[in-house]
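What the coordinates show
Below are the chains, spelled out letter by letter.
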Amino acid sequence: MISLSTLIEQAHTLNLSGLKTSLELQSNDANYSSLSFEERLYHLLESEINQRENKRNLRMITAAKFKDKTASIDQIEYLPQRKIDKSLILSLANGDFILKNQNVLITGATGCGKSFAMQAIARRMIDLGYHTRYYRVSTLLNEIRTARLDGSYTKTIAKISKFKLLLLDDFGITPLKPDEVNDLFEIIEERTLNGSLIITAQLPIEEWHAYLGNDTIADAMMDRLIYGSHKIELKGPSMRKLLTKI
C-alpha cells in the first residue's frame, strides 16, 4: 500500500507544492473522504494551478517595478469632484485596449491620483496575464542614454519591448533634449503594433505637441499616441490631502 508520506515526497520531487499542500489538507480533513476519486483529484490539481498562478503574479508584479504595489482598481475613489468616468475604468479593466494596441492617457494636476490610477489599471492587466513595466519618463530616458554609451542599446530596447504594457509616469515634467525626444519616439513607435502605453502628465494633451519641440517628430508621436486612445482627465483637489484628513 502506498503511504501518504510517499505521495507527499513524490509531489515534492516534482515541485508540485500546491498539490502537496492540498494533499496534506485532505489527509487531515474527514470531509474529503466522502468525495469521489475524481473530485479529490480535481481539488489537488486546482490547488496546484492556483499556486502557480499566484507565483506567476508575484513574479510579474516584481518585474513591473510599481511605485505603489498596493494600487488596485477597487481602491479608485469616484468622488464627484474628480469627474472620473467609472464606466471607462471598468471597460479598461477587461484588457481589450491591450488586445487592440490602444493607449491610455491620464492627465491632471499634481496629487490628483494619476499615478495611482495608472498602476491600478496595470495591476489588473497583470491579473489578466499581461507583462507590465513601470517607468518614470526621466528614468527610462536615462536607462536608454546609458545603454547607448555602454553598447547595450539594442538589448535594452529588446528588453523593454517584451512588456505588453508600458507605463510612462510624469511625462512633461522637465524639458527634453533633442536626443531624448528621438529616444521617446522610438519607444512609442515600437509600441504601435506590439503593445500599449499608459502615460500620465500634468500637461494637458493639447500642449504635448509644443512640449516635444521638434514638429516632425511631434506630429508622428502624437498621431501614434492619440489615435484610438482612451483619455482620462482627473479633476478635483489633491488626493494626498484628502487621504491625510481621513
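Structure: above.
Residues numbered from 1 in each chain as written. Predicted model: local features only at pLDDT ≥ 70, side-chain atom pairs only at ≥ 80, totals over all residues. Heavy atoms only, no water.

For the rest of this paragraph, the subject is the environment of Ser 196. Among the structural elements, Ser 196 can be located in strand S4 (residues 196-201). When the C-alpha positions of Ser 196 and Gln 102 are compared, they lie 5.5 Å apart, and in sequence the two are 94 residues distant. With residues up to four places along the chain from it excluded, the contact list for Ser 196 reads Phe 97, Ile 98, Asn 101, Gln 102, Asn 103, Lys 164, Leu 165, Leu 166 and Arg 191. A distance of 3.4 Å separates a polar side-chain atom of Ser 196 from the backbone oxygen of Phe 97. There is a polar contact of 2.7 Å between the side chain of Ser 196 and the backbone oxygen of Gln 102. (Helix = DSSP H or I, 4+ residues; strand = E, 2+ residues; numbered from the N terminus. Contact = heavy atoms within 4.5 Å. Polar contact = N/O pair within 3.5 Å; in protein donor to acceptor, adjacent residues only side chain to side chain.)

Over its 12 residues, helix H11 (residues 215-226) runs 16 Å from end to end, which matches the ideal 16 Å to within 8%, given 1.5 Å per residue. Ile 217, Ala 218, Met 221, Met 222 and Leu 225 are the residues of H11 that are buried. Looking down the long axis of H11, one finds its buried residues gathered within 125 degrees of arc, a one-sided arrangement. Buried residues belonging to H11 abut strand S1 (104-107), helix H9 (178-194), S4 and helix H10 (208-212). N-cap assignment for H11: the residue whose side-chain oxygen lies 3.1 Å from the backbone N of Thr 216 is Asn 214. (Expected span 1.5 Å × (residues − 1). Buried < 20%, exposed > 50% of the residue type's maximum accessible area, 1.4 Å probe, protein only. Arc of directions from axis to C-beta.)

Applying the stated criterion across every chain, the model contains two aromatic pairs. With a centroid separation of 5.2 Å and an interplanar angle of 75 degrees, the aromatic rings of Phe 171 and Tyr 211 are classed as edge-to-face. Within this pair, whereas Phe 171 is found in strand S3 (residues 165-171), its partner Tyr 211 is found in helix H10, the two being separated by 40 residues in sequence. Each member of the pair Phe 171 and Tyr 211 is classed as buried. Feature note: the residues Phe 171, Trp 208 and Tyr 211 constitute an aromatic cluster, connected by ring pairs. Looking at Arg 133, its charged tip hangs above the ring of Tyr 135, at a distance of 4.0 Å from the centre. Over the aromatic face of Tyr 153 sits the side chain of Arg 148, whose NZ or CZ is 4.1 Å from the ring centroid. (Phe/Tyr/Trp six-rings, centres within 6.5 Å; stacked < 30°, edge-to-face > 60°. Lys NZ or Arg CZ within 6 Å of the ring centre and 35° of its normal.)

Don't take any of this as a statement about function, it's just geometry.
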